[in-house]
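Structural description and commentary
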Amino acid sequence: QVQLVESGGGLVQAGGSPRLSCAISGRTFSSYAMHWFRQAPGKEREFVATIGRSGGNTIYADSVKGRFTISRDNAKDTVYLQMNSLKPEDTAVYYCAAGWVVGRPDYWGQGTQVTVSS
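Residues numbered from 1 in each chain as written. Predicted model: local features only at pLDDT ≥ 70, side-chain atom pairs only at ≥ 80, totals over all residues. Heavy atoms only, no water.

Looking at the side chain of His35
Filter applied, for reference: Note on conventions: DSSP H or I runs of at least 4 residues are helices, E runs of at least 2 residues are strands, and numbering of each starts at the N terminus. Under the rule applied, a polar contact is a pair of N or O atoms within 3.5 Å (in protein, one hydrogen donor and one hydrogen acceptor; residues adjacent in sequence only if both atoms are side-chain atoms). Contact definition: two residues touch when any of their heavy atoms are within 4.5 Å.
Residue placement: His35 occurs in strand S4 (residues 33–39). Engagement of the side chain of His35 in a polar contact is seen with the side chain of Thr50, the distance being 3.3 Å. In this view, His35 contacts Ala49, Thr50, Tyr95, Cys96, Ala97, Ala98, Gly99, Val101, Val102, Gly103, Arg104 and Pro105; residues no more than four positions away in its chain are not counted.

Next up, the structure:
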């Protein structure tokens, strides 16, 4: 059973730079492409970023490009999302997801709330 646990969310001021973490257990972390999605209140879940198995292939949503950075540490079975220059519209529950194929998550975490105050 694959389990993903996110951490690092909370209340942040606009312009802040928190880092989310997601630890995976149950399977070999390096076998998965990793993703971050988010869901704002009243909106559908949307893609944020993805990273390939080795960390060499990253893709970002236009809304976060240049502000967010996805990275992974295969030795620690952890994926990160460094968020910079946060805006109130970045407020959402952020979900970590793992998948065999980039862009196609198979397993999801429970999510961590990020609230950006203006």
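Once you've had a look at it, read on.
Side note on the sheet that holds strand S8 (residues 78–83)
Rule in force here: Any two strands with at least two DSSP-identified bridges between them are counted as paired. Helix axes use the C-alpha atoms of the stretch in contact, all axes being lines fitted to C-alpha atoms, and the angles between their N-to-C directions lie in the range 0 to 180 degrees.
Read across the open sheet, the 4 strands follow the order S1-S3-S8-S7; overall the sheet is antiparallel. Two strands lie at the open edges of the sheet, namely strand S1 (3–7) and strand S7 (68–73), each paired on one side alone. Direction aside, neighbouring strands of the sheet carry axes that sit 15 degrees apart on average. Bridging between S1 and strand S3 (residues 19–25) involves 5 bridges; their strand directions are antiparallel.

With respect to the packing of aromatic side chains
To describe a pair of aromatic rings, one takes the distance between the centres and the angle between the planes. We apply this condition: Pairing of aromatic rings covers Phe, Tyr and Trp, the last through its six-membered ring, and needs centres within 6.5 Å; plane angles under 30 degrees mean stacked, over 60 mean edge-to-face, and all others mean tilted. Burial status follows relative accessibility: with a 1.4 Å probe on protein chains alone, a residue under 20% of its type maximum counts as buried, one over 50% as exposed, and anything between as partly exposed.
Using the criterion set out here, one finds 5 aromatic pairs in the structure. When the ring of Tyr32 is compared with that of Tyr107, the centres are 5.9 Å apart and the planes differ by 85 degrees; the resulting orientation is edge-to-face. One end of the pair, Tyr32, is in the loop between S3 and S4; the other, Tyr107, is in strand S10 (residues 107–108), with 75 residues separating them in the sequence. Using a relative accessible area of 0% as the deciding quantity, one classes Tyr32 as buried. Their ring planes at 75 degrees and their centres at 5.8 Å tell us that Phe37 and Phe47 sit as a pair that is edge-to-face. Here Phe37, found in strand S4, pairs with Phe47, found in strand S5 (residues 46–51); they are 10 residues apart in sequence, far enough to count as distant. Residue Phe37 is classed as buried on the basis of its relative accessible area of 11%. Look at Phe47 and you get partly exposed, because its relative accessible area is 28%.

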